[in-house]
Structure formats: C-alpha cells, structure tokens
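# Examining the three-dimensional arrangement
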Amino acid sequence: MISLRGVSKSYRSLLGGEVLAVSDVTLDVAPGEVVGIAGPNGAGKTTIIAMLLGFLRPSSGTIAIGGLGPRAYVERYGIAYLPELMALQKTWKADHALRRLATLDGVPADRVDADVARVIDALEIGEHRGKRIKALSKGNFQRLGLAQALLRDHDVMIFDEPTHGLDPVWTQRFRTVVAGLRRPGRAIIISSHNLDELERVSDRVAIIDHGRLQKVVSMRDTTVQGPRAYRVRVA
C-alpha cells in the first residue's frame, strides 16, 4: 500500500552546504500492517513523514501510496495524521477545535457533531470539551490530537510521537487504540524514539539513524507479547 524506493532528501544549509536528512530509504507497508519507525531525535523520521504526507518532495527516489504520489493520494483520499507538535488557536474550546478540524478533513456537515462526540468519547475527554486549548494539560492536549486523527475512517494513518506527554495509563491505552484501528485494508505508521513502545504495537519496526534505514525488525520473531491490562489492588 505504501512504497518507498531509494528515497533521499537533502537541504541547503544557511551557509550553502548540503545537508542530507534522509538517504536511500527503501521500505514497504502492506495493507493491514502496523509499521513503527524508530530512531533518535534528528534521525530523519519526521522528514520521511513529511514526504509521505506530500509536504516535501524527495530529492531522489520515489514514494507511492495506493499507486499514487503522496500529494495526489492525500487530495483524493486523505490521511489521518497526528503531528509531533500540534498547533491550534489557544482560545478555541476543545470541542470547537474538533468541529473545525472535522470540517477541514471533509466530514459531511450532517456528521460533524456525531463524529466529534464519537472521538471525544473514545479518548475520554468529555469533561474537557468546554475548556479552551490553553487550559488543557499536555496529556489532554495530546489526547485531543489523537481524537482529531480519528475523525474520519482513513485507510492510511500516520502518528508522529503519539504517546508524547501521555501519562502511563494513557500510554498503555494507546496500545488498545491501535489494536482497535487494525483492519485488513488499513496501513498504520507510528514514528517514535521509544523502541520499547513500538515493539508492543507494531508488526515490524524500521530503525532509522543518520537518515539511513539501518534494519527492519519483525516483531513476530521476538518474544514481545501483545497489549496487557493490569489491575493493582492496594490495601
């Protein structure tokens, strides 16, 4: 469903030199698969995502999503996307922001209220829906970001550092969210510097360092178990 072939991306620095952010990356993501992209800060993960979303064009190599170029695919079908740092008007209320984002994402007008209510319920932010963005904690703002990514039923979903700012309970709950999003025709990409977390939600993990694909690890070949729920009883 998603194919990268020999993809590289370079920039011109302020001094006129060339900075190679991504170098010769080849990777496939099949329908029904969850693929993690792991690597330290500055490894090139966000640049890869920007190219998948059509924000940037590769300097060399090709990217195809469903047989189309990224920009053409996004314009025709859309992609669910959670950025690492989401920017919203601080004076908007949470539910108002979701309604605006639903409209921008192409949710039909007669479905906006129902779909906003659905994602608010799924992410359990009902008590915060009337709060202004500036009044939300970091974790609740991140849950708002997750909610907006789930407003439409997209076949491609990309999450960039999705558990950033979440408390331990919601970090674990995110695994349940991903499990619920799995379906045969959907491809999910999750970018994170937290390899341990990716091991728990992904089928494969692509490890990126200094812009290069170092290794692709299949989680089916490891001893990592699926999501677990724990109950702690305190006396």
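Higher on the page you've got the structure.
Residues numbered from 1 in each chain as written. Predicted model: local features only at pLDDT ≥ 70, side-chain atom pairs only at ≥ 80, totals over all residues. Heavy atoms only, no water.

### Thoughts on unusual backbone geometry
Of note in this structure, Asp24 is not a glycine but carries a positive phi near 55°. Position of Asp24 relative to the elements: it lies in strand 2 (residues 18–29). Backbone geometry places Glu161, a non-glycine residue, at a positive phi of 50°. On the secondary structure map, Glu161 appears in the loop between strand 6 (156–160) and helix 6 (168–181). (Helix = DSSP H or I, 4+ residues; strand = E, 2+ residues; numbered from the N terminus.)

### A word on the pairing of strand 6
Of all the 5 residues making up strand 6, 5 are buried; the element is thus mostly covered by neighbouring parts of the structure. Across the two faces of strand 6 the burial is the same, with Val156, Ile158 and Asp160 and Met157 and Phe159 all buried. As judged from the 3 bridges shared by strand 5 (residues 80–82) and strand 6, these two strands associate in the parallel manner. Bridging across to strand 6, Leu82 finds its partner in Phe159. Bridge analysis of strand 6 against strand 7 (residues 187–192) gives 5 bridges, and the strand direction is parallel. Residue pairing for strand 7: Met157 is matched across the bridge by Ile188. Crossover strand 6 to strand 7 through helix 6 is right-handed. (Buried < 20%, exposed > 50% of the residue type's maximum accessible area, 1.4 Å probe, protein only. Pairing = 2+ DSSP bridges. Right-handed = clockwise from strand over helix to strand, strands pointing away.)

### Observations regarding the packing of helix 3 (residues 94–104) against helix 4 (residues 112–122)
Packing of helix 3 against helix 4 brings their axes to within 10 Å, and their N-to-C directions diverge by 120°. One way to sum up the angle between helix 3 and helix 4 is to call them oblique. Between helix 3 and helix 4 the crossing geometry is right-handed. Between helix 3 and helix 4, the contacting residues are Asp95, Leu98, Arg99, Ala102 and Thr103 on the first element and Val112, Asp113, Val116, Val119 and Ile120 on the second. (Axes fitted to C-alpha atoms, helices over the stretch in contact; angles between N-to-C directions. Parallel < 35°, antiparallel > 145°, perpendicular 65-115°, else oblique. Left-handed = near helix turned anticlockwise from the far one by under 90°. Contact = heavy atoms within 4.5 Å.)

### Observations regarding the nonpolar core
Of all hydrophobic cores here, the largest spans 41 residues; its most connected members are Leu88, Leu98, Leu144, Leu150, Phe159 and Ile190. Among all residues touching Ile190, those that are not within four sequence positions of it are Val34, Val35, Gly36, Ile37, Phe159, Pro162, Phe174, Val178, Leu198 and Val201. Counting residues in hydrophobic clusters, the runner-up holds 26 residues, among them Leu4, Val7, Val35 and Ala187. (Core = buried A, V, L, I, M, F, W, Y, C linked by side-chain atoms within 4.5 Å.)

### Thoughts on the pattern of salt bridges
One pass over the full model with this rule turns up 13 salt bridges. A salt bridge links Arg204 to Glu33; the nearest nitrogen and oxygen atoms lie 2.6 Å apart. Placement of the pair is Arg204 in strand 8 (residues 204–209) and Glu33 in the loop between strand 2 and strand 3 (34–38), with a sequence separation of 171 residues. Residue Glu33 is classed as buried on the basis of its relative accessible area, which comes to 10%. For Arg200, the salt bridge is made with Asp196, and the minimal N-O distance between the two is 2.5 Å. Residue Arg200 and its partner Asp196 are both found in helix 7 (residues 195–201); the two are separated by 4 residues, about one turn of the helix. Salt bridges sharing common partners tie together Asp153, Asp155, Arg183 and Arg186. (Salt bridge = Lys/Arg side-chain N within 4 Å of Asp/Glu carboxyl O.)

### Details of the sheet that holds strand 4 (residues 60–65)
In spatial order, the strands read 2-1-4; together these 3 strands make up an open sheet with antiparallel pairing. Two strands lie at the open edges of the sheet, namely strand 2 and strand 4, each paired on one side alone. Strand after strand, the sheet turns through a mean of 25° between neighbouring axes, direction not considered. Two elements, strand 1 (residues 2–12) and strand 4, share 5 bridges in a ladder whose sense is antiparallel. When the sheet's bridge partners are listed, Leu4 is paired in strand 4 with Ile63. Here helix 1 (residues 45–52) sits on the sheet and contacts strand 1, strand 2 and strand 4; the angle it forms with strand 1, its principal contact strand, is near 115°.

Everything listed here is a matter of coordinates, which is why it stays silent on function.
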